[in-house]
Amino acid sequence: MNIEKKFITESHKGNSLNITFQDKDSFVNNDKTDWIFDVSKVYVKKVKVGLFAICEVVDDFKDMIKKCKKNIFLRTNFKEWLLLKNTTEYNIEVEGMRKTVWVCKVLKFKDFLKMIKFKGNFSKQAEQFFNSFEDIEMVKIIYGRCTLSMKWFDGINRRYLKRHKFAENEIVAITAVAGSGKTTTLLELAEIHKKKKILYLAFNKALISEIRCKLYHKKIRNVACCTFDGLMRQIFIQKTGINGENMSIIDLKPQTIGSVYPWLANKPWKVKNYYCIWFAKFCKQVEYSSIDKYIKKNFGNQKKAILKSLWEKAMGKKFFTFDSIRKMVEVEHWARGYLDDNYDMVFFDEAQDCDPLMLKMLLNDTTIPKVFVGDPKQAIYEWRGAINAFEKLPTDTFVIEFYKTFRIGNPACKEICKEFDDLWMVSGVKWKTNIYYDAEPQAKYVYLFRSWRRLLTAARNIDKVWINNFDRQVSYMKKLHNKLKISKLTEEEMAGFADDLPSFLLKLSENELNNLISDIEANLVRDKEQAECMMYTVHSYKGLEHNIIRICDDVDIKDEKNIYYVASTRGRRQIIFDEPEDEYEDESDDEDDSDIAYNREFGNLDKFLR
């Protein structure tokens, strides 16, 4: 600082400056004084999203800076100076590092001189000195890691995204917490980019239907919506010239494989099922495009002629499955021309539940901008073969975070965050959301379960209950029960269940199963509006919300954090956790944490008021 002190106080021509240099031990504040602090040895960056700078907090300066009443200037080791208007300290993540920083305005040196009312002229030597430094390096974005930074950056990030100019082949990932308005954001982007043809992709048909409805009511006409399978079918039909109306897509399983490969028609069920499973495995994996190399990898020198023949028949368009259509589009790179020729951008919603083949094609076979949107903590479909796309995107992906939930109020929002080490969520609503344990809801509510076993046994004892997809599930359970009496499920078949339903059914006789269904039907109401309790599995309630949510004790954060997160982020006003009796602990003597206090009440709740 000695050289700079010399230039500032001596090497100018004109009026002298009233500048005092102090150390922390002799610090004396003056209401009329502008202060300069030397931060030349600490971490300083400019930030593109938000157009501000950050300076790592210097412990030696913290107390002094808080006492300063006029301008606070930070002298960096770069050309620019920093103006510190707000002395609030923010916890953030930048370039993979956690830091505590001040947020500052960037000043050119000449602007700094104006602010300190410098009227003289610097000597050439001084000018040379201050112009010899480099510009402050810029990072694209920083991430909030405390309540204050998350609340501030949430608005900054949303506003920036609306102004962002999407470049060719750019990948943008929006990671957004539950209830943060992900779908609304995509609709706003579609309106902003109304001159572009946008492809909207999603994991399931229900979400596609919801988006189409919203697009219709908002009169947005530049977005085409479809599921991954729907897109694959469109591409396949265009590239092969096949008449889509006459194309029969079959579900390849032991009951149907004989029509495709007659030699298997009269073979044992296990043999037919074996080839169905391995055919599907080949079609769903992304490592191999060649059936020969895939067989070599998995079976060594065994030829597996039937498996190879099945794929050759699929390639020859002798039969069609959704899996084979996907694989053929990927192998032939048919998406490469189709997507770029027909669309200007791709929106991929619920990207935490992504098909591996779809992700591979989007990354390798398109050059148009791609926007992946989702909540990584809601990845709960791994058992279906889905992958979390956010974990597979290239390292140069522009990741932007939304922190505010417009569904969950405090104190529940704070309490849910407390259960995770890396959940960056803050409440964006004024109403209160309370957490209760072992309480009985006093108004209409949604009851969530991890498994169908617990849902069904609970429904047996609850009046006026409505069950999501009950009739379809009963029909499926009866078929599965009959199948289990004949043979055990393979490991691959067991892996296809989200819960322990097969194990539950194995323990029931046909009479016990029928009695269970009859008992439930005695409590069942068919009109959802007339129900006092609406039952869903956590998987089926993903994306939905209700004022009062009750969560069965088979949802356990110790076993499945993402399932717990999805369940606990559905409630707007009350979230009620069931607790097993043998795990009940009296917590009345717990110390109150005023920052994250919440209601641990047992027994009856006050009647919920809308």
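Residues numbered from 1 in each chain as written. Predicted model: local features only at pLDDT ≥ 70, side-chain atom pairs only at ≥ 80, totals over all residues. Heavy atoms only, no water.

As recorded in an unreviewed UniProt entry, the chain goes by the name UvrD-like helicase ATP-binding domain-containing protein, listed as coming from marine metagenome.

### Overview of the pattern of salt bridges
Taken as a whole and judged by the stated rule, the model has 29 salt bridges. A salt bridge links glutamate 545 to arginine 407, with the shortest nitrogen-to-oxygen separation between them at 2.7 Å. Highlighted residues: glutamate 545 in the loop between α22 (538-541) and β25 (546-551) and arginine 407 in the loop between β18 (404-405) and α16 (412-418), separated in sequence by 138 residues. Connected via shared salt-bridge partners are Glu93, Arg145 and Glu401. (Salt bridge = Lys/Arg side-chain N within 4 Å of Asp/Glu carboxyl O. Helix = DSSP H or I, 4+ residues; strand = E, 2+ residues; numbered from the N terminus.)

### Looking at the sheet that holds strand β24 (residues 533-537)
Within the open sheet, the six strands sit side by side as β20-β26-β25-β22-β24-β23. Their pairing is parallel. The open sheet has two edge strands with one neighbour each: β20 (434-437) and β23 (465-467). Along the sheet, successive strands turn relative to each other by an average axial angle of 25°, direction set aside. Examined bridge by bridge, strand β22 (residues 445-449) and β25 share three bridges and lie parallel to one another. Note on β25: the bridge partner recorded for valine 446 is isoleucine 549. (Pairing = 2+ DSSP bridges. Axes fitted to C-alpha atoms, helices over the stretch in contact; angles between N-to-C directions.)

### Details of the sheet that holds strand β12 (residues 171-176)
Neighbouring strands of a sheet are bound in pairs by backbone hydrogen bonds; such pairs are parallel or else antiparallel. As summarised here, the arrangement of the six strands in space is β14-β13-β15-β16-β12-β17, forming an open sheet in which the pairing is parallel. Pairing within the sheet leaves two strands with one partner each, and these edge strands are β14 (223-227) and β17 (398-402). In this sheet, adjacent strand axes meet at a mean angle of 20° when their direction is disregarded. Direction of pairing for β12 relative to β17: parallel, over a ladder of five bridges. When the sheet's bridge partners are listed, valine 172 is paired in β17 with phenylalanine 398. Against the sheet, helix α5 (residues 147-163) contacts β12 and β17, and its axis sits at roughly 130° relative to β17. Lying over the sheet, helix α8 (residues 228-240) contacts β13 (198-202) and β14, oriented at roughly 105° with respect to β14. (Contact = heavy atoms within 4.5 Å.)

### So, the environment of lysine 304
For lysine 304, the location among the structural elements is in the loop between α11 (291-299) and α12 (305-315). Given a relative accessible area of 17%, lysine 304 falls into the buried group. Separated by 12 residues in sequence, lysine 304 and aspartate 292 place their C-alpha atoms 9.3 Å apart. Within the local environment of lysine 304, its side chain forms a polar contact with the side chain of glutamine 302, the two groups lying 3.5 Å apart. (Buried < 20%, exposed > 50% of the residue type's maximum accessible area, 1.4 Å probe, protein only. Polar contact = N/O pair within 3.5 Å; in protein donor to acceptor, adjacent residues only side chain to side chain.)

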